[in-house]
Amino acid sequence: MNTEDKGEKKHSGNLRNTIFKKIKEGLDRLEKEYSNFRFRQLHNRKKDERLKKTLSPEKYKAYHRQERKRQEKAVLCFAAFILIGIILLFAVIKVLIFGGRSLAAAIQSVFVQEVQVESETETEKVYTEQDITVGSTGCMLLHSPFIDSYPDENGEYDFSSIYTYIAPYYSAPDYMTCEFEGALGGEEMGYSGYPMFHSPDAIIENIRDSGVDLQFLANNHVYDAFSTGFHRTMQTYEKLGIAYSGIRKSEQEKQYTIADVRGVKLGFLNYVYETPGIGTNINGIPLDEGDQNLINSFDYDDLEPFYMEVKQNIASMKSEGAEFIIVQMHWGIEYQLTEADYQDEMAQKLCDLGVDAIIGGHPHCEQPITVLETADRTHSAFCVFSEGNALSNQRTYLMDEMPTGHTEDGVMVTLHLHRDTSGRVSITDVELLPTWVYRYQDEDGSKYFILPLDDVDHLEALTGIKDLGDEPAQSFKRTMETMGDGLRQAKEFYKNQSLQ
């Protein structure tokens, strides 16, 4: 049997199923009409007997003539209904006996709408169920000690040792993201830390090799090397084949990134706040006119254009097949352990626009976790207001603004996502891994490890580092004090959602 014949056979089978369904509906309706007819007949007979006793002979005759005309009209309509049913029945018999495309076409003219609806239902796409994990961690920025301590005798940089203990964790999710703060202006521009972060190119390779798939660049230090360094940053990422988001080379390029993760398409957006000034300013640096629309940014004092842009980007991502939308926000007040009111308002608006997860950075300390819902509770969004510092030199003894140790703390968040057969992708669980930046000295100066704190009690035995003391435990405690309640509530929320 060729493909055309198979298609014909399937089409005829669908048509016959539809016709049988319509016949059954017609017979059921006929039976119901007949029952109603019998009930009305009995009711009218009783009514007739009562009126014959109460009305005068003249009025009774007039009523009887009027009632007879009404009944004759009803009988005619009922007969017409029966006749149409008989015609359709013969048509069906002809279909079943003779088959064929011409017969199918004839019946389609009667049932065209129903057939179309049923065909759409029968051919509705069924998605493959899939479970994936998406991880994210906080800001990575290279202060001056990194610049001074990591070059070899030839001036080449290699920061890979920093990720020795955290790399297995970064590599565990199906897709991993982070924020990189700094500009890649190149050796000729000179490397530096705070306040103008000009970082060696090697750092972004080392981040990638640690297991990070996507690096977010819309942050307040991306323009530290001005226009030249800004464009060189993008050129370097593309030359090295490293994925980035939040900035673009031209206005014709998309503002978002879509990643296919084991068959599930994730959409990513990344934005940074603007600082006051003429034109667009990032961290007090005015952008060149040609660069003003190349960084995804928003103005705290005029958020409506930002919301409109996010809405348009969400629509575009979904038109390209994105099934789950994550927005990375560089926002908030530095060294504040709780989010600002405007962060709450913005997060709720992003949820209302259809964002599925909101990941925050910039305060250089952790801020709480929450789950937002739309007013009608038809949509929810996971939100962590700040993941803190994944890597920095903001040591306790250096931080007059926050001498509490919080700037040494970071967190890795992992979202467990499930796609069902209807294509809906939802969060089923959330995991949190506290991290701590350990600093030590060798012959070259200050060196660092990002340490996972999932087993604080045995961290020295697991790493072989003997001078940790109680600092990892204190870091873990700080993280859980800030994020623990929100994490528990989020896990309970998604557990309940999964049971519904």
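Residues numbered from 1 in each chain as written. Predicted model: local features only at pLDDT ≥ 70, side-chain atom pairs only at ≥ 80, totals over all residues. Heavy atoms only, no water.

Draft legend 1. Highlighting the side chain of Gln-343. On the secondary structure map, Gln-343 appears in helix α9 (residues 341-353). Engagement of the side chain of Gln-343 in a polar contact is seen with the side chain of Gln-367, the distance being 3.3 Å. In contact with Gln-343, other than residues within four places in its own chain, are Trp-331, Gly-332, Ile-333, Gln-367 and Phe-385. (Helix = DSSP H or I, 4+ residues; strand = E, 2+ residues; numbered from the N terminus. Polar contact = N/O pair within 3.5 Å; in protein donor to acceptor, adjacent residues only side chain to side chain. Contact = heavy atoms within 4.5 Å.)

Draft legend 2. Representation of the nonpolar core within the structure. In this structure, Tyr-163, Tyr-170, Phe-306, Met-329 and Leu-391 are the most contacted members of the largest nonpolar core, which totals 70 residues. When neighbours within four sequence positions are excluded, Tyr-170 is seen to be in contact with Thr-137, Met-140, Tyr-163, Met-176, Ser-210, Gly-211, Val-212, Ala-390, Met-412 and Ile-450. (Core = buried A, V, L, I, M, F, W, Y, C linked by side-chain atoms within 4.5 Å. Buried < 20%, exposed > 50% of the residue type's maximum accessible area, 1.4 Å probe, protein only.)

Draft legend 3. View of the packing of helix α6 (residues 202-209) against helix α7 (residues 226-240). Put simply, α6 and α7 touch, their axes get as near as 10 Å, and they point 45° apart. When the interaxial angle is binned, α6 and α7 end up oblique. Seen along the crossing, α6 lies across α7 with a hand that is right-handed. Each of Ile-204, Glu-205 and Arg-208 in α6 lies in contact with α7, whose residues at this interface are Thr-236, Tyr-237 and Leu-240. Here the contact of α6 with α7 is built from residues that sort into three nonpolar, one polar and two charged. (Axes fitted to C-alpha atoms, helices over the stretch in contact; angles between N-to-C directions. Parallel < 35°, antiparallel > 145°, perpendicular 65-115°, else oblique. Left-handed = near helix turned anticlockwise from the far one by under 90°. Nonpolar A, V, L, I, M, F, W, Y, C, P; charged D, E, K, R; others polar.)

Draft legend 4. Representation of the side chain of Ser-386 within the structure. Residue position: Ser-386 is located in strand β13 (residues 380-387). Overall, Ser-386 belongs to the buried group, its relative accessible area being 1%. There is a polar contact of 2.7 Å between the side chain of Ser-386 and the backbone oxygen of Cys-365. Those residues in contact with Ser-386 that lie beyond four places of it in its chain are Gly-360, Gly-361, Pro-363, Cys-365, Glu-366, Gln-367 and Met-483.

Draft legend 5. Inspection of α6 at higher detail. Those residues of α6 that sit buried are Ala-202, Ile-203, Ile-204, Asn-206 and Ile-207. Against β1 (130-140), β2 (175-180), β3 (214-216) and α7 lie the buried residues of α6. Gly-211 sits one or two positions beyond α6 and adopts a positive phi of about 120°.

Draft legend 6. Spatial organisation of the environment of Glu-373. Topologically, Glu-373 is positioned in strand β12 (residues 366-373). Note on Glu-373: relative accessible area 29%, which makes it partly exposed. The sequence separation of Glu-373 and Cys-351 amounts to 22 residues, and the corresponding C-alpha distance is 6.8 Å. If we skip the residues at most four places from it in the chain, Glu-373 touches Gln-348, Cys-351, His-379, Ser-380 and Phe-493.

Draft legend 7. The arrangement of the environment of Ile-295 in detail. Position of Ile-295 relative to the elements: it lies in the loop between β8 (285-286) and β9 (297-298). Taking C-alpha positions, Ile-295 is 9.2 Å from Lys-249, a pair spaced 46 residues apart along the chain. When near neighbours in sequence (up to four residues on either side) are disregarded, Ile-295 contacts Val-222, Tyr-223, Phe-230, Gly-246, Ile-247, Val-272, Ile-282 and Leu-287.

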